[in-house]
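# Inside the fold
Below, each chain spelled out in residue letters.
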Amino acid sequence: MKERQECDPCVRIKLSFNVKDFPKLKGFSVSSLEESINKYKSFYISRRGKGIPGTSWEFQYDCLLVTPGQNVNVTVRTDPEFMEISKTHFVLDPNTKPEFNFEHFPEKQEITVSLSQGPDATARLCYKDFLCNPLSYEIQKEITTSQNVTLKYEYFLPCLCIEVFYSYRDSRRNSVCPFEKNPEANGLDLWEIEDLSFPFENEMAMQFDYPCSKMLSVFLCEKRKDTCITIPDAKVSVDDLLRIQSVDINPHLCLKVTLKNKTRIKCPGRSDWNVTMDVQHSKTELNIVSEVLGSFSAVMCRLNLETGKCDPQTQEYTVKRQHHNSSNEVHLSLPTSSKGICVQVWRTDVQFSYKRILCPDYSHKHLGLFFLASILAVFTLVLVMYLIYGRIVKWITAPIWRRTVLLVYSPDCAEYKHVICTFASFLQRFLGCDVILDLWDMNTVSKTGVLPWFSRNRDMVAQRKGKVIIVWTKTSTLMYKQWKEGQLNTLAWGDPVNLFGAAMSCLMNDLELEKNGNLEDYTMVFFEGLCDKQDIPSKLRKITRYHLFKELGRLVVKLQETNGLSTSCLIKSGAKYLMRNLISSEKSRSLKDVVNLYRKKVTCGEIAGAWTKDYQSVKCCSKAPEN
């Protein structure tokens with residue numbers, strides 16, 4: 001057999017021209033420069049004889065020997081110098097791999113690749129296991145010495161590699177894996193064990209999807225409390241599935257997968273067999289229910305609490321389930337054990353089995369019942385103490401009164417609702433009132449209608465000895481006049497549910513029945529700058545009025561009054577103490593700031609500039625949390 005002869009690389013020079021265009025042509029001067037080694041060559045080709053006019057000539061030179069893997073610049077000049085042609089050609093080397101540089105941008109999950117020299121090439125990212133496997137969303141990009149490329153990845157793994165190769169056929173590939181020793185490239189978000197299956201009996205197989213499988217260490221382990229003890233001589237195959245054969249399928253026999261000192265433990269969710277024990281006077285009966293064919297052994301043993309093992313005390317007893325068409329139950333009888341002796345049961349037809357330990361209840365469950373009763377007693381005691389503690393804390397931190405308050409207002413504009421919501425939150429959070437506000441119960445208002453909703457809550461306030469607080473403004477006076485004349489257009493006032501009209505109807509009815517004391521349930525408040533006393537209609541001046549914030553203390557005392565407790569010295573003293581807290585509290589200052597900001601605005605259009613509508617609508621309709 002003849003040995004394969006390798007050819008030296010060379011450059012072929014070929015030139016075609018028309019002799020008619022060069023009548024005085026004497027010859028050609030040819031020069032070449034090998035750039036990387038700075039090697040220069042030149043020679044001269046002379047013309048002999050006269051060519052036939054009008055014909056084309058072809059000049060070809062084979063072969064200009066060059067060194068592979070570099071750029072060669074060839075220049076051809078005519079003599080005399082009518083024309084000069086220069087070309088640069090890269091001489092391929094079949095053993096040369098592309099040389100490139102890269103830059104990693106982890107915050108963008110990008111890698112920028114640049115080509116050092118040579119012809120055009122192709123760059124890509126891959127996961128290198130035994131081969132350089134492409135990414136699922138792989139995009140190969142062309143790269144030149146003058147233009148870099150940016151490659152994106154999804155998971156930062158230790159086997160993430162950069163591969164560059166020339167575009168011509170059979171080019172050698174240059175692969176670089178720069179993140180193998182990077183502690184941040186652990187890929188914990190990708191190497192979870194996703195599924196669990198048992199394709200054959202006595203074989204544990206777990207589906208696994210991790211591109212860097214050769215970097216993993218997989219072991220079979222036995223789970224004991226919070227640890228999983230590795231079982232020696234148990235070899236787990238790692239391919240598309242994690243497999244181990246001749247094993248007892250049990251939740252206590254697990255696969256331990258380790259990568260860079262990080263460990264995941266995956267256990268089966270079921271068992272192929274189960275066993276129950278019945279202790280009788282003359283024997284101990286084991287009932288084994290098995291889904292697979294196999295043999296089972298049992299032995300009487302004494303449990304060692306320090307090691308967790310059970311030391312055998314008798315010989316082994318064995319039973320088999322041999323046929324699929326037979327019952328899946330087998331029975332095994334052992335002699336009656338003495339106190340402190342347990343039974344250990346395991347499969348003997350597989351190489352790796354979990355030994356189950358069953359200990360009889362010699363106390364006939366009396367000890368267990370006593371233990372259960374003790375736990376229930378302790379739990380009940382803790383629960384009672386917790387409830388008492390909660391009541392004490394609530395009694396200390398919350399006011400000793402709690403009033404139900406139904407808040408009524410006129411919808412001056414969308415921004416005015418912020419003042420109402422802030423005032424309602426102040427009543428609820430700081431004064432401990434149970435506030436009813438339509439803005440906090442819009443679903444019920446829309447379902448039942450505003451008049452039934454208001455009437456029901458009005459009756460509830462009367463039953464609980466609460467208060468209906470009407471917040472009055474100058475706009476309320478205008479709406480009241482239109483309501484009396486039957487010309488109130490609620491849509492024009494931004495009140496599609498007509499809460500103000502419903503409240504006035506109930507109020508007029510109570511005014512007519514004044515002798516029944518219904519007006520005691522009403523209280524009217526107005527903020528300084530938003531309303532004056534003369535703005536309140538004369539017919540409504542029978543209702544108790546409070547000027548906020550000047551008469552905030554009187555309002556607090558009014559809300560403190562309960563059914564069986566009048567305004568005593570104790571309540572007045574508590575009101576004075578509460579007033580001092582109100583004046584210095586952040587919630588009081590917050591309410592004042594909101595009112596002052598609203599008062600400074602001339603129109604609702606100016607207020608709309610102070611608060612963003614989207615934010616205001618959310619804040620106004622969000623109910624304040626209970627104390």
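No experiment lies behind these values; they were computed from the predicted model shown.

What follows is about the state of the cysteines. Under the counting rule described, the total for this entry stands at six disulfides. The disulfide bridge from Cys-126 ends at Cys-132, spanning 1.6 Å between sulfur atoms. Neither Cys-126 nor Cys-132 differs from the other in exposure class; each is buried. The disulfide partner of Cys-221 is Cys-228, and the S-S distance across this bridge is 1.9 Å. Its S-S torsion of about 85° marks the bond between Cys-221 and Cys-228 as right-handed, since a negative value means left-handed. For Cys-221, a relative accessible area of 0% translates into the label buried. Under the relative-accessibility criterion, Cys-228 is labelled buried at 8%.

Attention now goes to the pairing of strand E18 (residues 227–230). With four bridges joining them, strand E17 (residues 217–224) and E18 adopt antiparallel strand pairing. Opposite Cys-221, over in E18, you have Thr-230 as the bridge partner.

On to the nonpolar core, then. Within the largest apolar cluster, 63 residues are counted, with the highest numbers of intra-cluster contacts made by Phe-423, Leu-427, Trp-472 and Leu-507. By residue number, the principal contributor to this core is helix H6 (residues 499–512), which donates nine residues. Not counting the four nearest positions on each side in its chain, Phe-423 is found in contact with Leu-407, Ile-469, Val-471, Val-525, Phe-527, Leu-548 and Leu-591. Core analysis: the second largest hydrophobic core is formed by 44 residues, Leu-115, Cys-159, Leu-220 and Val-247 among them.

Our focus in this paragraph is H6. In a regular helix each residue adds 1.5 Å, so 14 residues correspond to 20 Å; H6 covers 20 Å between its end C-alpha atoms and thus fits that length. Considered for burial, the residues of H6 that qualify are Leu-499, Phe-500, Gly-501, Ala-502, Ala-503, Met-504, Cys-506, Leu-507, Met-508, Asp-510 and Leu-511. Residues of H6 that are buried sit in contact with strand E31 (404–409), helix H4 (450–463), strand E33 (467–471), helix H5 (474–484) and strand E34 (522–527).

Below, the discussion takes up the packing of H4 against H6. Contact geometry of H4 with H6 gives a least axis separation of 9 Å together with a crossing angle of 45°. Judged by the inter-axis angle, H4 sits oblique to H6. Both H4 and H6 take part in a crossing whose hand is right-handed. Contacts between H4 and H6 involve Val-450, Leu-451, Trp-453, Phe-454, Ser-455 and Arg-458 on the former and, on the latter, Leu-499, Ala-502, Ala-503, Cys-506 and Asp-510.

Along any regular strand, the residues point their side chains to alternate faces of the sheet. Relative to strand E22 (residues 262–266), strand E21 (residues 253–259) runs antiparallel, the two being bridged by five bridges. Residue pairing for E22: Val-257 is matched across the bridge by Arg-264.

This part takes up the packing of H5 against H6. Packed helix pairs are specified by the crossing angle of their axes together with the interaxial distance, meaning the distance between the axes. Here H5 crosses H6 at 70°, and the two axes come no closer than 11 Å. The angle between the axes of H5 and H6 places the two elements in the roughly perpendicular class. Handedness of the crossing formed by H5 with H6: right-handed. In this structure, H5 contributes Ser-476, Met-479, Tyr-480 and Trp-483 to the contact, and H6 contributes Phe-500, Gly-501, Met-504, Ser-505 and Met-508. Considering only residue class, the contact of H5 with H6 consists of six nonpolar, three polar and no charged.

Here we come to the pattern of salt bridges. Counting across every chain of the model gives 13 salt bridges. Residues Arg-243 and Glu-203 are paired through a salt bridge, measuring 3.6 Å at the closest nitrogen-oxygen approach. Placement of the pair is Arg-243 in strand E20 (residues 241–245) and Glu-203 in strand E16 (residues 203–208), with a sequence separation of 40 residues. The salt bridge partner of Glu-285 is Lys-283, with a shortest N-O separation of 3.5 Å.

All right, on to the environment of Ser-282 then. Note on placement: Ser-282 falls in the loop between strand E23 (273–279) and strand E24 (283–290). Between the C-alpha atom of Ser-282 and that of Pro-335, which follows or precedes it by 53 residues, the distance is 6.9 Å.

Turning our attention to the layout of surface pockets. In this structure, the largest pocket spans a volume of roughly 540 Å³. When residues of the lining of the largest pocket are traced back to their parent elements, those giving at least two are E17 and strand E29 (341–347). A total of three residues in the lining of the largest pocket trace back to one element, the largest contributor, which is E17. Taken together, the residues that form the lining of the largest pocket break down as five nonpolar, five polar and seven charged.

This brings us to the sheet that holds strand E28 (residues 329–335). Taken together, three strands build an open sheet; the order of strands is E23-E24-E28 and the sheet is antiparallel. Looking along the sheet, the strands with just one partner apiece sit at the ends: E23 and E28. Strand-to-strand twist of the sheet, defined as the mean angle between neighbouring strand axes without regard to direction, takes the value 20°. One ladder, built from seven bridges, connects E23 with E24; its direction is antiparallel. By the bridge assignment, Asn-274 is partnered in E24 with Val-289.

Time to look at the side chain of Asn-202. In this structure, Asn-202 sits in the loop between strand E15 (193–197) and E16. If sequence neighbours within four positions are ignored, Asn-202 has contacts with Ile-244, Gln-245, Ser-246, Val-247, Arg-347, Asp-349 and Val-350.

For the structure shown, the criterion picks out six aromatic pairs. Aromatic side chains Phe-156 and Phe-179 sit 4.9 Å apart centroid to centroid with 70° between the ring planes, which places their arrangement in the edge-to-face category. Here Phe-156 is found in the loop between strand E12 (149–152) and strand E13 (160–166), whereas its partner Phe-179 is found in the loop between strand E14 (173–176) and E15, with 23 residues between them in sequence. Linked through ring pairs, Tyr-153, Phe-156 and Phe-179 together constitute an aromatic cluster. Over the aromatic face of Phe-165 sits the side chain of Arg-173, whose NZ or CZ is 3.9 Å from the ring centroid. Positioned above the aromatic ring of Trp-346 is the side chain of Lys-355, whose terminal nitrogen or guanidinium carbon lies 4.8 Å from the ring centre.

Let us look at H4. Taking 1.5 Å of rise per residue, 14 residues should cover 20 Å, and H4 covers 20 Å from first to last C-alpha, within 8% of that figure. Buried within H4 we find Val-450, Trp-453, Phe-454, Asn-457, Arg-458 and Val-461. One face of H4 carries all of its buried residues, which in axial projection span an arc of 130°. Within H4, the exposed residues directed more than 90 degrees away from the buried face are Asp-459 and Gln-463. As for H4, its buried residues are in contact with E31, strand E32 (434–436), helix H3 (442–448), E33, H6 and E34.

Procedures and definitions
- Residues numbered from 1 in each chain as written.
- Predicted model: local features only at pLDDT ≥ 70, side-chain atom pairs only at ≥ 80, totals over all residues.
- Heavy atoms only, no water.
- Disulfide = S-S within 2.5 Å.
- Buried < 20%, exposed > 50% of the residue type's maximum accessible area, 1.4 Å probe, protein only.
- Pairing = 2+ DSSP bridges.
- Helix = DSSP H or I, 4+ residues; strand = E, 2+ residues; numbered from the N terminus.
- Core = buried A, V, L, I, M, F, W, Y, C linked by side-chain atoms within 4.5 Å.
- Contact = heavy atoms within 4.5 Å.
- Expected span 1.5 Å × (residues − 1).
- Axes fitted to C-alpha atoms, helices over the stretch in contact; angles between N-to-C directions.
- Parallel < 35°, antiparallel > 145°, perpendicular 65-115°, else oblique.
- Left-handed = near helix turned anticlockwise from the far one by under 90°.
- Nonpolar A, V, L, I, M, F, W, Y, C, P; charged D, E, K, R; others polar.
- Salt bridge = Lys/Arg side-chain N within 4 Å of Asp/Glu carboxyl O.
- 1 Å grid on protein atoms, 1.4 Å probe; cavity = no way out; pocket = protein on both sides within 12 Å on 5 of 7 lines; lining within 4 Å.
- Points joined across faces, edges and corners; volume = space filled by probe spheres on them.
- Phe/Tyr/Trp six-rings, centres within 6.5 Å; stacked < 30°, edge-to-face > 60°.
- Lys NZ or Arg CZ within 6 Å of the ring centre and 35° of its normal.
- Arc of directions from axis to C-beta.

Remember that the coordinates give geometry; whether it matters functionally is a separate question.
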